[in-house]
Amino acid sequence: MRVGKMIGTVALATCLGAFAADEKRKRYLIPDLEYGMEVLTGYTSNANYDRNEEGSMTVTFRPFLTYDKEFGAFDLTLSYNPEMRWYEVRDSADSVEWDHVFSLDSNIEITPTMTLEVKDKFFNIKSDDVQDFGGVTQSGGDNDYVRNVLNLDYEWEFRKGTFLTSGYTNEYLEYDDQDNEYRNGKANEVYLGYKRAINADSRIGAKLVYGRANFWESARTNTIDGVTKTTDRDSEWYRALLTGEISDGPWRYNTELGLDYHKVTGDTFDGVDDTNAKPYAKLKVDYYLDSKGSRVLTAEAAYRTIPSYQEEVYFAGQAKGRLGYKHKFSDRLDLALTATYDDIYYDHKYTRTGEGTKGNGSDDHETWVRLGFLFTYNWLQDVDVVVGMSHDNLINAAAFDEEYTVNNYDIGILWKF
């Protein structure tokens, strides 16, 4: 997702939370239905997201619709968030683009000790310059795609303070562009976990994970050293993790630490490494600088193996870090800052032919730096003024791509009516 979209995402979250004390406004035709729109005008330094920068004035329109209701034993949230973007200057014929995002979120109380959380999110994205699948950041080319992510998370407190957890994730991705057919795929992941409460706000535990990625347009026939084989890019993984959800004064920790084992599920050529075992780590730390939560500093880090998104490579490594800061200056003025570093490494040992070099897209890094800020001013009860800027910089491109930078500047209003 573009960092530029962070402007709309954070602004929407800020506005939706700005009048929490008022609860739902009774003048709505349907009290549980919230709706509104955000309109931004601005400038982008690189309308085509490539090395040849070309500036363009832009207009962005983001209506939203959210239905949120409690039904006794369960609650339900449905939302629809489209986005229209107009570019004054664009190389392609599409100076107007539309994205569509639908989401469902429900928390079901099966019994007083059992809960099931259901989440589903559907995306129809046009010409996005950055997106990810299985944690792999993608850039460049025609990236129009359809994606659906379903999450099921079950928790059972079978003894006071002791929990059994399990879950399932299904992710589906399909590109419009035939050149990207090898990336069309689905991933399935299941987990089984155990948690133990160490106090009212903290839990530690363990988790076992199994996953599989299938890329259904990825098969390719090669002849190497007189041997002909048809290979695809399917893979599976196993993880053994220690987990923690710990609160200690102003600190909040969420961690997953352990070992990760990836394996190619199909046929390979001699000389190709078909397994990979490395550490796995995800860490998020929140530090509340005051008791009211008006100033919060967040740090996130990830180090893991992920399914590769290059046609020739089975696995990739990812090292990712993010810093965020939110500051509520007053009841009317909020500031959000974010900085992200994301490095994807493609290792030649895991190419389909075992002959990986930088020239064929392996043994290379793709490195992104992303920065952004957003000011939100509550001008009227139902109207926020937003001012933001984002900076995306592909400081090291994988083979066949080129480094580029995009700066987006936006000013607009967010209106709930």
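Just so it is clear, the structure is predicted and the values come from calculations on it, not from any experiment.

(A) Here's a closer look at the overall build of the chain. Secondary structure assignment for the chain yields one helix and 23 strands. Counting across all 417 residues of the chain, residues that qualify as buried make up 44%. In the chain, of all internal contacts separated by at least 6 residues, the share reaching a separation of at least 24 is 59%. Just so you have it, the chain exposes about 20,400 Å², and 55% of that area is on carbon and sulfur atoms.

(B) Quick look at the pattern of salt bridges. Counted by the stated rule, this structure contains 21 salt bridges. Here Lys-69 and Asp-32 are joined by a salt bridge, their closest N and O atoms 3.4 Å apart. Note that Lys-69 is positioned in strand S2 (residues 56-71) and Asp-32 in the loop between helix H1 (4-18) and strand S1 (33-44), a separation of 37 residues in sequence. Look at Asp-32 and you get buried, because its relative accessible area is 17%.

(C) Representation of the nonpolar core. Among the nonpolar cores identified, the biggest contains 13 residues, and Tyr-314, Phe-315, Ala-316, Ile-344, Tyr-346 and Tyr-350 are the most heavily contacted of them. Elements supplying a minimum of two residues to this core: strand S19 (315-328) and strand S20 (333-346). What Tyr-314 contacts, discounting residues up to four positions off in sequence, is Thr-231, Asp-232, Arg-233, Val-264, Asp-267, Thr-268, Val-272, Pro-307, Ser-308, Tyr-350, Thr-351 and Arg-352. Core analysis: the next-biggest nonpolar cluster, separate from the first, contains 11 residues, Ala-187, Phe-215, Trp-237 and Tyr-309 among them.

(D) Structural detail: a negative patch on the surface. A surface patch of like charges, here negative, comprises Glu-174, Asp-179, Glu-181 and Glu-217. Structurally, the position occupied by Asp-179 is in the loop between strand S10 (162-175) and strand S11 (185-199). Classification of Asp-179 as exposed rests on a relative accessible area of 60%.

(E) How the structure looks around the confidence of the model for the chain. Chain-level statistics for the chain give a pLDDT mean of 86 and a share of 86% at 70 or above. Counting interchain partners and residues more than four positions distant, the pLDDT-below-50 stretch residues 6-26 has 43 contacts. Under a pLDDT of 50 for its full length, residues 130-137 has, in the predicted model, 40 contacts with residues more than four places off or in other chains.

(F) Region of the structure containing the packing of aromatic side chains. Taken as a whole and assessed by the stated rule, the structure comprises 14 aromatic pairs. Ring geometry for Phe-71 and Phe-74: centres 5.2 Å apart, planes at 15°, overall stacked. Residue classification places Phe-71 among the partly exposed positions, given a relative accessible area of 34%. Residue classification places Phe-74 among the partly exposed positions, given a relative accessible area of 33%. Between Phe-373 and Phe-375 the ring centres are 6.0 Å apart and the planes differ by 70°, which places this aromatic pair in the edge-to-face class. You can call Phe-375 partly exposed: its relative accessible area is 32%. Members of the aromatic cluster, each reached through a chain of ring pairs, are Tyr-80, Phe-102 and Phe-122. Above the plane of the ring of Phe-71 lies Lys-69, whose end atom (NZ or CZ) is 5.7 Å from the centre.

(G) Expanded view of the pairing of strand S5 (residues 96-111). Note that strand S3 (residues 74-80) and S5 share seven bridges and pair antiparallel. The residue of S5 that forms the bridge with Leu-78 is Leu-104. Summarising the sheet, strand S4 (residues 83-87) and S5 pair through four bridges and their orientation is antiparallel. Looking at the pairing, Trp-86 lines up with Val-96 of S5.

Definitions and limits used
Along every chain, residues carry numbers that run from 1 in the direction the sequence is written. Per-residue local features are limited, in this predicted model, to residues with pLDDT of at least 70; the limit for side-chain atom pairs, both in listing and counting, is 80 or more; totals at the level of whole chains, interfaces and linings are taken over all residues. Heavy atoms throughout the structure, all of them, feed into the side-chain values; hydrogens and water do not. In this text, helices come from DSSP runs of H or I with a minimum length of four residues, and strands from runs of E with a minimum of two, each type numbered from the N-terminal end. Working definition: with a 1.4 Å probe on protein chains only, accessible area under 20% of the residue-type maximum means buried, over 50% means exposed, and in between means partly exposed. In what follows, a contact means two residues having at least one pair of non-hydrogen atoms within 4.5 Å. Method for areas: the Shrake-Rupley scheme with a 1.4 Å probe, in which residue coverage is limited to the protein chains shown. A pair is scored as a salt bridge if a Lys or Arg side-chain nitrogen falls within 4 Å of a carboxyl oxygen belonging to Asp or Glu. Buried Ala, Val, Leu, Ile, Met, Phe, Trp, Tyr and Cys residues form a nonpolar core when they are joined through side-chain atoms within 4.5 Å. Residues form patches when they are more than 30% accessible in relative terms and have no salt bridge. Like charges link within 9 Å. Nonpolar side chains (Val, Leu, Ile, Met, Phe, Trp, Tyr) link within 5 Å. Under this rule, positive means Lys or Arg and negative means Asp or Glu; His and the chain ends count for nothing. Every charge is mapped to an atom, namely NZ of Lys, CZ of Arg, CG of Asp or CD of Glu. A residue's pLDDT is the confidence the predictor assigns to it, expressed on a 0 to 100 scale. Centres within 6.5 Å are what make two rings of Phe, Tyr or Trp a pair, Trp counting through its six-membered ring; a difference in plane orientation under 30 degrees is then read as stacked, over 60 as edge-to-face, and the rest as tilted. Note on criteria: charge over ring means Lys NZ or Arg CZ within 6 Å of the ring centre, with the direction from the centre no more than 35 degrees off the ring normal. For two strands to count as paired, DSSP must find a minimum of two bridges between them.

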